[in-house]
Structure formats: C-alpha cells, structure tokens
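Architecture at a glance
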Amino acid sequence: MNRFSYITFLTFTLSCLTMSTVFAEDCVTCHREKTPAAVFQWERSAHAKAKVGCEACHGNDHGRIEKGEARVDIKVCGRCHKKALSDHKASRHGMGLHSGWGCTRNLTKRNPDECRFCHEEGSEVPTSDVQCARFLKQSSEMAEIGCNYCHSVEGSCASCHTNHGTDLKIVRNPNICAKCHMGPDHPQWEMWQTSLHGTLYTSLGRETGPDCQTCHMAGGSHDVSRGITMSSGGQPYDAAKKEGRREEMVPVCRTCHAESFARKELARGDAVREQSQGLVKEAEKIIGDLADHDMLDPMPDLRPPHPLKGSQLVLDNQMLYEDTSHIERLLFKMKKYDFARAIKGAYHQNPAYTHWYGNAELKLDLVDIKSEASRLRERKKGEAPGPDAASGGTVEERLKTLKRKLERGGLTPLEYEQQKQRLLE
Amino acid sequence: MSVTVERGLGRVLLQAGKTTDFKTPLTAKEFQMLRLLHVLNLCLALFLSGAVTGCAHLQMHGMLPPGATVAEIGKCDVQAPFDLDAKGEEIAFADGGLRIRTPGSGRSRLISADSPCALAWSPDGRRIAAAFCRDNAGSLRIYGVEGGLLAEVGINGRITGLAWRSMTEILAFDVRIKQFTFGANLAETILQWDGTGKPKELASIESTLRPSTMKEWKDFFMRSLTLRLSPQRDEILYASVKDPPAFTPYLRIVLHNLESGKGREIAKVSLDSGGAVFLGAGEAVLIGDGNSGSRVLDPWGDRVLRSIPTPGREMAVSPGGRYEMLDGTLYREGVRTASFQDSCKGLFSGNGGHLAMECDSRLYMISGLGEDLPAQRESGEIARLKELKKWLSEGLITPQDYRRSGEKTVQ
C-alpha cells in the first residue's frame, strides 16, 4: 500500500467512526428545540456513549422520517442486539402483534394496509399460525391505544425500553411490565406486588425480593416464556413440552428456595389450574348443550359471523365479547378474568387472587351460568311446539342439534352418522 | 353439402358420405380448382339456407332438427334482453322500448317506451317483469300482458337478471359498482319483490376490483353477471367476481339455496364464461369455463358428468334437457345439429318447443323442436326434495344422504 492509499484508507475509516456523531450533532441542533425529551434521553444513553447517533437507527432521509416511515422497529435494534432479538422471537412477546391484532377481513370499513400483518401480498394464506379474532370492530383509536400499545411488543423494543433511553433501570422496574400485565384479564403485576415476593422487593430491594425480571428474564434472557407450562389461555402444554419448561423454571426458583419446595409449589399451581379448568369445562358444556338445542339468544347463526369460525359457536380462546349472548358473556368473564386470576394467582403465590378474585368468582360465575341456562330452557318450553315436538323438535331441528354436538365433540362421527340415518329414515 | 380440404391427409370430401382419397399431394392447379369449388359450394349453401329459412341475416351451418323451422321475428336493441312465455307463443323484447310480439299472428304491441335491461314472463304468462336501468339506479316494474302497469319500485343499481320464484314473487340480480381511486367495489345483490313495498335483500356479495379489471370488464359485468333459477324454483346459480391482488381475476360459480339462504361455490371459471345453467330437474349444472370447455357437473358430488368442447360463453338448455344452445351451436341429445354466429344468444320456452335467438340485434324463433318434459312430480315429493336440498345446503346431510333419501321419495 503506498502512502497516498494508506492516508485515504485511514481517513475513510476515521470518517466512518465519527460520521454517526457528526450526523447526530446535525440532528441535535434542531431537535434540542423540536423534541427536547428525545435528545435529553439519547444524550444520557449507552447509544450516545458508544457514538451510535440518530442516523444509525433512523437513517438520514429526513423526508422519510417526517412521513413516519423511519420508525425504529425490532429489525433495526436486532442488527446489533442479535441475542436479544432471537430470545424475543422465541417468546410469547414475539407473537404479541399477531395474537392481538384485530382481524378485520369481514369489516366493511377496513384499512387495506392491515392485511399485511398476516398475509403476503396476493396470498390468502396467513403467514402466522396464530389466530386473530379478539379485537373486532374496534375504532382505529381504540385499536391503537387499547390494543397496539401492548401488542406492539412483538415488533418494537421501545414498547419496554422506551424510545431513546437505554437505562436498564427502566426495564428492571416491574412497572414497565405493569403497563400491560395488569387489570382484569391477567393482573400479574398486582398479584406479585401484594405477594410475599413483592413485599420483600418493596421493603428490601431486588437482591432480596424477586421481581418480574428475576424469574421471567433470568440471566437477562429476552425469552419471557421460559419456564411457563401453559398457553396464554391457560391450556397446559403436552407432557413433554411441559416437563422441559418446568426444568427451566426450577433452577430459577432454586436461586432462593430448596428444589423440593419449588417443585411442590409449582405442582400446587398445576393442581389449581386443573381444578379451575374443571369449573370452566362444566360451564362450557352447559352452553354447548343450550346451543345444540337452539336456545342461545341470539344463536350464532343470527349474529355477525365470527371471523374465523363463521356461524359456529366459539367458546375457546377466540370467543368474542361482542355480538354474543348473555350466557356467553358470563362465560367470557369466567374464562378470561376469573380463571386467569385463579391460576396466575396460584403461580404467583397470591392467596387473595387465587381464592377470592379467582376461585370464588369462578364458582359464582357457574351459579350465574346455571341460572341463566334454566331461564333459557324455561323460555324454550314456552315457545310454540314444532310439528315433531313430542320427539324433541322438527327433523331439521334435530339434525341441527346432532351437527352442533358433533362439531363440539359431544358425539363421535359414528354416533352422529347412526343418529342422523335414524332421523332420515 | 360442403367441401373441405384436409391438407395433411390429401383427402377431399365432396359430398356427405362420399370421399376420395389421394395417395399423392395435390398439384397447384388441382388445389386452386378445389378452392374455387369450395367457394362456390359455400355460396350455394348460404343461398339455399336463406331461401329455406327466409332469413337474410342469419348464418346457419348444418341442419335444423327434423320438423323444426326458423323464422325471423324482427330487429331488437343491441344486446337487449328478451324472454319467451312458457308456451313459446309470445316474446317480450327491447326495441326502442318494451315490446311483446305474438309470432303466430304477427301481432305486436308496445308496452313501454323505455327499453328494459332485464325481462321475465310470469310462469302463467299473464304478467311480465321488466327492469329499467340508468347507471347505478333504475326501476323494477310488473306489467299485465296487454301493457297495464301493475307495480313499480325504484332500484339502486343495475338489474341484470330477473326470474319469477312463484306466481307472486320476483327475484332480481342487482349489480352495483362504486368507483374509488384504488379500484372499485362491486356489489352483487339478490333481491326478492312481491310487487308491494321495497324489495327484500336475500344475499349480497361484495368484491374489490383493481382499476385494470374494471377498465376491461366493467361493461361485461354490468351486462352478464346474472342469476339462473332452478326448475323447482328453490335454488339459483350466479357468478361472483373475485380479483385477488397478485392473481388473474376469475368468477366463482355459486349455488345458492333460497330456502336456507346458504350459498356454496361449485366452480371457478374465467371472466368471459357465460356462468352456469341448471339441467333437467336441476340435479346437474352446465358450466362454461369461458376458454376451451364446458362441463356438466353434479354440483354436490363435484363430479364431472360430461365435457363439451365449447367455451360456454352463451348457454341455454331446454327444460327436458334434449337441446342445448352453446356459443351459437344447437345440440340435440349431445349431437351438433345447426350452427349460427358464436355470439347468438338463445332461450328455450318453458315447454321446450321453441328456441328464441338474438343474433346481431335481430330476433329469430326456431319452432317445432319438441321434447319430453321431465315427469311432473307430486307436490309431496317436490316438497320433500326441496327439504332435502335445503338440508344439504346447510350441511345437515351429505350428498349421499340426499341421493338415498331422494330416491326413496321418488319411488
């Protein structure tokens, strides 16, 4: 290499190293006035110390930035933070957007851009096997604040880390988790806060009392689903997967507890989950029987079609809280709120949530559901009888009953076929 | 009489049933002579067909079925609707207004000065339903056979097809297009009207179309997307447009049960398909794919019963199933008899004896066809079959259950 080339190479390398700060300085001049908080946070961040300037994440096309096209998503952060990205993708946070995104294909005023969250252009096949149906018919404002502020965790590190700060104090504060993990459907933050773990944390600090991150992000992992043995809806994983997950959690507990104690406590949580699930199943069976006999008000085929199941009765995790019957609304509360509180309360060692907000409410829900079922049955009895009322309704009604029973697993295909042929005879 | 030259074989067909085989290729002189002979023969055939039929405008090749005759009725509006009454005695059509003509007596009367976009005789032939279209709005009217206006209602959209579901109820296929910057919204709606109040909406299908699709196909959609009623008047066939972003647009052929309100896609075909028509008692469906072949389908078993090498852009089937008019060609029991222009649109009378045709804005009537109509079923049998078909459409029974129970009912 001759002298000239050497100087050129050196100049180029130094330019590259300093370019980001130079560009950052350019941005900061104006943005100190326009977005002072962003500049303030960045100047105190690890990024600033490492000379990672504005353009490293936002690019240097100011036109795109102004149009909102240069937002920093997880792919941008993942260019440097590769391990965090792969952990995150393996976790439940990594599919937060898919599972929560409102499927809008049956809505008249849908935004065509929304299709891309689940479909490649021109394809009707979803790119993710996670179903999406929960947040139907939300206004765009409600969808943004009420849904995406949490579910955007899939694609945005800023969802927890905030936009320009990198201080780990922010993400080690359980309040950052509480943004989403609180409230009626999964109040993990409240459960933890009022448990012994939370009290120790508040009184003596995180060295003595574990917080969310201690157990769910042990060793700094971004796979927050490590050690969890059930789906987000409380369905236990199959034995092999469950065992593997349990073996991930026990060492975390062993940091403070004896292994036998940890295993016993987690097994108690499993038992509470199974018992609670039994109560929910009982309620589901009551509603399934009512639907079989055309007693729901309104029946699913008289409502707007479910985006995934059409006119079928949906009682699983994709059940909706709108356009539904009163008895299904009771089940929704039982399942989404009280079941979740009972089982998550148990795993978070919170007696009040496990019992009073969970178990007691589940049993009261069942009372309400049974009472509503009686009312619907009485009402059906009062209706004008069909031509074949003596044998349980018209042939068509009985065919429908059989089909509904088959669909919800109340009949085997063979039993269904035999009973159908008897009716057709 | 016809002459054809099949070069590859060196074979000349001079007369029907009489052929001469050449073992060696034709010389240039022989070939020129044959070409001259061919042209002379074609002229003779055209002259004779004109002389026999008295139709100066109708081009016909082949022979009509024995006993059948063709007569010109007169001119009509371009791509105008027309309909024959059940007996084939009267034809309603558009010609600078809505007219009814009785071919037997030559009597003709103007019913309305407005030209209709869809027409349908009532089953008893005493009333006629007519739709009048103006862009995305129009009206639906019922007239008495002598022209008295019996009922009228305003319609949003363009009615492309009409059918009488019963003696009092009309089904209408309403097509509406709403243009946007990114393309258009096409809404196809099935309406039912009993002559009083507003029509009832039975079903509606909407699709988003790209600008390129709209540019090329808009007129076709506004004219050709229509419905066909089953002989039992309990089901309809219609085509709905699908225009996926990265694929070729196509038509979905839907079989819709009017009793249950449930529809089911039975085929996908290209946009220039003539859709589908019911065959015989409605147990089979003839579908035109718009390209190379039409097929007769068992709509529930998804079985292809027969294939016909014609695109199926214009299709009509006689009630007894003996005759088919496909893309200008008349078939009798599956055998080609006479061919007219490809664009000729046909329509059989309810008794199967007459075929009305519109070719290049002129109407013709072929009479004396005759066929055995399907045996009339008892009302109890019809009711049971309709009930089974309703259950089939709702997924309560399988096609096998339907066939088994249907056979028992008919026995």
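For the structure itself, consult the block above.
The rules behind each value
- Residues numbered from 1 in each chain as written.
- Chains lettered and ligands numbered in written order.
- Predicted model: local features only at pLDDT ≥ 70, side-chain atom pairs only at ≥ 80, totals over all residues.
- Heavy atoms only, no water.
- Disulfide = S-S within 2.5 Å.
- Helix = DSSP H or I, 4+ residues; strand = E, 2+ residues; numbered from the N terminus.
- Buried < 20%, exposed > 50% of the residue type's maximum accessible area, 1.4 Å probe, protein only.
- Core = buried A, V, L, I, M, F, W, Y, C linked by side-chain atoms within 4.5 Å.
- Contact = heavy atoms within 4.5 Å.
- Salt bridge = Lys/Arg side-chain N within 4 Å of Asp/Glu carboxyl O.
- Pairing = 2+ DSSP bridges.
- Axes fitted to C-alpha atoms, helices over the stretch in contact; angles between N-to-C directions.

Overview of the state of the cysteines
One way to say it: the disulfide is the covalent bond shared by the sulfur atoms of two cysteines. Residues and elements named next belong to chain B. In total, this model carries three disulfides over all chains according to the counting rule given. The disulfide partner of C117 is C133, and the gap between their sulfur atoms is 1.7 Å. Disulfide C117-C133: torsion about the S-S bond near 65 degrees, hence right-handed. Taken together, the residues C117 in the loop between β9 (107-112) and β10 (118-121) and C133 in strand β11 (residues 127-134) connect sequence positions 16 residues apart. Assessed through its relative accessible area of 16%, C117 is described here as buried. A disulfide bridge connects C344 with C359, and the sulfur atoms are separated by 2.0 Å. Between C344 and C359, the S-S torsion sits near 125 degrees, and that sign places the bridge as right-handed. Pair noted here: C344 is in the loop between β29 (335-339) and β30 (345-348) and C359 is in strand β31 (residues 355-359), with a separation of 15 residues, a long-range link. Classification of C359 as buried rests on a relative accessible area of 2%.

Notes on the nonpolar core
Core analysis: the biggest nonpolar cluster contains 52 residues, and L225(B), I253(B) and I287(B) have the highest contact counts within it. Dropping the residues within four chain positions of it, L225(B) is found in contact with T160(B), F173(B), V175(B), L186(B), E188(B), F220(B), A239(B), V241(B) and L251(B). One finds A262(A), L296(A), A342(A) and L376(A) within the second-largest nonpolar core, a separate group that totals 34 residues.

A few points about the pattern of salt bridges
Residues and elements named next belong to chain A. The full count for this structure, using the stated rule, is 54 salt bridges over all chains. Note that E361 is salt-bridged to K333, the shortest N-O span being 3.1 Å. Of this pair, E361 sits in helix α19 (residues 351-382) while K333 sits in helix α18 (residues 326-347), and the two are 28 residues apart along the sequence. What makes E361 partly exposed here is its relative accessible area of 27%.

Details of the sheet that holds strand β21 (residues 263-269) of chain B
All names here are of chain B. If you walk across this open sheet you meet the four strands as β18-β19-β20-β21, and the pairing is antiparallel. The sheet is open, and its two borders are formed by β18 (227-229) and β21, each paired with just one other strand. Within the sheet, the average angular offset between the axes of one strand and its neighbour, ignoring direction, is 25 degrees. Pairing geometry for strand β20 (residues 250-257) and β21, over six bridges, is antiparallel. In the sheet register, I253 faces β21, and the bridge partner there is A267.

Take it as geometry only, folks, not as evidence of what the structure does.
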